[in-house]
Amino acid sequence: MKKTSPLSVALAFLVVALPLGWGLYRSIKNSMPLFTAGKPVAPAPAVPAPK
Amino acid sequence: MPSFLDRARTVASPGFSRWLVPPAAIAVQMCVGEIYGFSVFNIPMTRAIGITKSVPEDWTVAHVVLATYSLGLVMLGLSAAFLGKWVEREGPRKTMFVSSCCFCGGLLVASLGVRLHSLAVVALGYGVIGGIGLGLGYIAPVSTLVKWFPDRPGMATGLAIMGFGSGALVGAPFGVELMNHFKTATSVGVSETFLVMAACYFVMMNFAAWIVRVPAPGWAPEGFVPGSHSGKLITTHQVVADEAIKTPQFYLLWGVLCCNVTAGIGILAQASPMCQDMFGVTPVVAGGFVGLLSISNMIGRFLWSSASDFTGRKAIYVVYFLLGCVLYCLIPFSERIGSVALFVAATCIIISMYGAGFATIPAYLRDLFGTVQVGAIHGRVITAWSMAAILGPQLVTYLSSYQREHGVPKNEAYNTTLYIMAGILLVGLVCNLLVRPVDPSHHLADGGAPEAALPKS
């Protein structure tokens, strides 16, 4: 009986983990301004109702 | 078609590790999930002629979205619904290979369409041909994983569908990097980007087709006794797809998925403008918020669905609907007190449960109908997604515009919509609570041997 080597399993996971990790890194980096942005500005004034 | 692709050639030999199947499933789903990140091409495709800005001969964003994203999702639902039984018969390897040919071939045709500046060719490529690839690539890994992990079906489907959620995280920046590389004074670089993406995705998807296997008949994980994961809703019987659609359970789960997705997709589609209108943040900051939602969407698929193995599927959907309802009602409150943190936390949890709704449904189907044609049944249920993809964004866009036109301040223009979304979740909750075990008259007659239901090829 030929058993699957744990190395094959690790390599298979690595193939998908690499692009996934890169994508995660990019997204987290892009979301940083959300936490570093200053105090939120006041909400915009109401749009007047059409006459 | 070469015999290497046949189902019989993919039956795992003794000693094969089932842990090779999740990476195969994630790889395929990550590639076809690229559609979630397709919006990065919207603006460049509307400047294919004008390059730096749109000119009258250029396409509009609405036309591009219709020809690619919308048509692709409709074809996903249709191909999953109509080809589900073929997927079960031919097995995951052939399906993944055909999916890669359609999805990547569709990208090649779309590339030609951009070069010729023909929206019809783009629609045929990405929307129709690519959409068929999407449907096949979406259901094949899910049904295979459910069969490999009878002891943890929620975790298994969570893993696979997490891959689809990650498609935007990888596909969107990948597309942007490639367009930046290829753009010149005379080209926005979209056509070349599609070519490179087609090649990369083809390799990735066929890597998955190469390593995927189906379990041998009668195989079970070590120490697993069928029926040991007891629960009123977990059957040891089998129901075929044609019989499943005659049961009320099928339509209740269709309603569960439709309500869950309608509510979530409404937020996703409007996340950036909602954040800007409610808190006055800049588009860049709102873009970061959208990124956070993508991460929550992906992680929620795995975590919540895995948790359903312990709580049961019905109970976890009660959590999705009730907690979701409370969180939707909290969003207007977060705006009133000016708390961005509360807004981000509430929306991230909502979107994590939106993703989880997708990921848990195949395990729920497996509980009720068995594994024999779970892929085909899943394919038919996800037509609810196509319906929700139209309902959700339309509802949010129409209602918020209506509110603004009637003098509601733009930071409060989403409140009514959010309360309506909370109501939709309550409808989903009722559908879920009505789910009961399938009547035995629908069970497969021979005592439920899965092999008996596989169509003879």
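Every value quoted in this text rests on a predicted model; they were computed, and no experiment measured them.

Engineer: Can you break down the overall build of chain B residue by residue, with the values?
Structural biologist: Within chain B one finds 15 helices and 0 strands. Overall, chain B is about 65 × 50 × 35 Å in size when its C-alpha atoms are taken along their principal axes. A buried classification covers 61% of the 457 residues belonging to chain B. In chain B, once contacts between residues fewer than 6 apart in sequence are set aside, the share between residues at least 24 apart is 83%. Of the roughly 16,500 Å² of accessible surface on chain B, 68% is carried by carbon and sulfur atoms.

Engineer: Residues and numbers for the packing of aromatic side chains, please.
Structural biologist: Residues and elements named next belong to chain B. Taken as a whole and assessed by the stated rule, the structure comprises 24 aromatic pairs over all chains. Residues F38 and F41 carry aromatic rings whose centres are separated by 5.1 Å and whose planes lie at 50 degrees to one another, so their mutual orientation is tilted. Across the pair, exposure class does not vary: F38 and F41 are buried alike. On the numbers, 5.7 Å between centres and 85 degrees between planes, the contact of F164 with W385 is edge-to-face. Note that F164 is positioned in helix α6 (residues 153–182) and W385 in helix α14 (residues 383–405), a separation of 221 residues in sequence. Across this residue pair, the class does not change: F164 and W385 are buried. When the ring centre of F4 is taken as origin, the NZ or CZ atom of R93, which lies over that ring, is 4.2 Å away.

Engineer: Report on the interface of chain A and chain B, specifying residues and quantitative values.
Structural biologist: At the junction of the two partners, chain A supplies 32 residues and chain B supplies 40 residues. A per-residue breakdown of the area chain A buries against chain B is headed by V16(A), L20(A) and L34(A), which together make up 19% of the total. Two residues, R26(A) and E177(B), come together in a salt bridge whose shortest N-O distance is 2.4 Å. Here chain A is connected to chain B by 3 residue pairs in polar contact (both at pLDDT 80 or more).

Engineer: Please set out unusual backbone geometry residue by residue, giving values where relevant.
Structural biologist: Residue and element names in this part refer to chain B. A positive phi angle is found at I51, which is not glycine, with a value near 60 degrees. Inspection of the secondary structure assignment puts I51 in the loop between α2 (42–45) and α3 (61–90). You can call I51 buried: its relative accessible area is 18%. Even without being a glycine, H117 presents a positive backbone phi close to 55 degrees. Within the secondary structure, H117 sits in the loop between α4 (92–116) and α5 (119–148).

Engineer: An account of the confidence of the model for chain A is requested, with residue identities and associated values reported.
Structural biologist: For chain A, per-residue confidence averages 75 on the pLDDT scale, and 67% of positions sit at 70 or higher. Between residues 39–51 of chain A, whose pLDDT stays under 50, and residues either more than four places distant or in other chains, the model counts 16 contacts.

Engineer: An account of the environment of Y69(B) is requested, with residue identities and associated values reported.
Structural biologist: Residues and elements named next belong to chain B. You can see Y69 is positioned in helix α3. Given a relative accessible area of 27%, Y69 falls into the partly exposed group. Remark: the alpha-carbon pair of Y69 and G291, spanning 222 residues in sequence, is separated by 19 Å. Discounting chain neighbours no more than four positions away, the residues touching Y69 are I35, Y36 and V64.

Engineer: How would you sum up the side chain of T193(B)? Please name residues and give values.
Structural biologist: Residue and element names in this part refer to chain B. Among the secondary structure elements, T193 is positioned in helix α7 (residues 190–211). For T193, a relative accessible area of 0% translates into the label buried. Of the polar contacts made by the side chain of T193, one reaches the backbone oxygen of G189; its length is 2.6 Å. Leave out the neighbours within four places in its chain, and T193 touches F41, G175, L178, M179 and F182.

Engineer: Account for helix α13 (residues 374–381) of chain B, naming residues and giving values.
Structural biologist: By the criterion of burial, α13(B) is predominantly enclosed, with 8 of the 8 residues buried. For α13(B), every residue scored as buried is listed here: V374(B), G375(B), A376(B), I377(B), H378(B), G379(B), R380(B) and V381(B).

Engineer: Explain the packing of α4(B) against α7(B) to me, and be specific about the residues and the numbers.
Structural biologist: Where α4(B) meets α7(B), the axes come as close as 8 Å, and the angle between the chain directions of the two elements is 175 degrees. Taken together, the axes of α4(B) and α7(B) lie roughly antiparallel to each other.

Engineer: How would you summarise the pattern of salt bridges if you had to cite specific residues and measurements?
Structural biologist: Going through the model one piece at a time under the given rule, you end up with 13 salt bridges over all chains. The structure contains a network of salt bridges with shared partners spanning D6(B), R89(B), E90(B) and K94(B).

Engineer: Residues and numbers for the nonpolar core, please.
Structural biologist: All names here are of chain B. Core analysis: the largest hydrophobic core is formed by 149 residues, its most contacted members being M45 and W385. Examining the composition of this core, we find that 17 residues originate from one element, helix α12 (residues 340–369), more than from any other. Apart from residues lying up to four places away in sequence, W385 is in contact with Y36, L73, L76, Y138, F164, V261, I265 and F358.

Engineer: Please provide a residue-by-residue account of a nonpolar patch on the surface, values included.
Structural biologist: Residues and elements named next belong to chain A. Taken together, the side chains of L7, L11, L14 and L18 define a hydrophobic patch exposed on the protein surface, amounting to about 420 Å² of accessible area. Inspection of the secondary structure assignment puts L7 in helix α1 (residues 6–36). Assessed through its relative accessible area of 60%, L7 is described here as exposed.

Engineer: Kindly report on the environment of L20(A), identifying the contributing residues and their values.
Structural biologist: For L20(A), the location among the structural elements is in helix α1. Take L20(A): its relative accessible area is 13%, and that puts it in the buried class. Put simply, L20(A) and M32(A) are 12 residues apart on the chain and 19 Å apart in space, counted from C-alpha to C-alpha. Apart from the residues lying within four places of it in its own chain, the contact partners of L20(A) are M30(B), S166(B), V170(B) and M298(B).

Calculation rules
Residues numbered from 1 in each chain as written. Chains lettered and ligands numbered in written order. Predicted model: local features only at pLDDT ≥ 70, side-chain atom pairs only at ≥ 80, totals over all residues. Heavy atoms only, no water. Helix = DSSP H or I, 4+ residues; strand = E, 2+ residues; numbered from the N terminus. Buried < 20%, exposed > 50% of the residue type's maximum accessible area, 1.4 Å probe, protein only. Contact = heavy atoms within 4.5 Å. Areas by Shrake-Rupley, 256 points an atom, 1.4 Å probe, with all protein chains shown as cover. Phe/Tyr/Trp six-rings, centres within 6.5 Å; stacked < 30°, edge-to-face > 60°. Lys NZ or Arg CZ within 6 Å of the ring centre and 35° of its normal. Buried area = accessible area lost by both parts, 1.4 Å probe. Salt bridge = Lys/Arg side-chain N within 4 Å of Asp/Glu carboxyl O. Polar contact = N/O pair within 3.5 Å; in protein donor to acceptor, adjacent residues only side chain to side chain. pLDDT = per-residue confidence, 0-100. Axes fitted to C-alpha atoms, helices over the stretch in contact; angles between N-to-C directions. Parallel < 35°, antiparallel > 145°, perpendicular 65-115°, else oblique. Core = buried A, V, L, I, M, F, W, Y, C linked by side-chain atoms within 4.5 Å. Patch = residues over 30% accessible without salt bridge, like charges linked within 9 Å, V, L, I, M, F, W, Y side chains within 5 Å.

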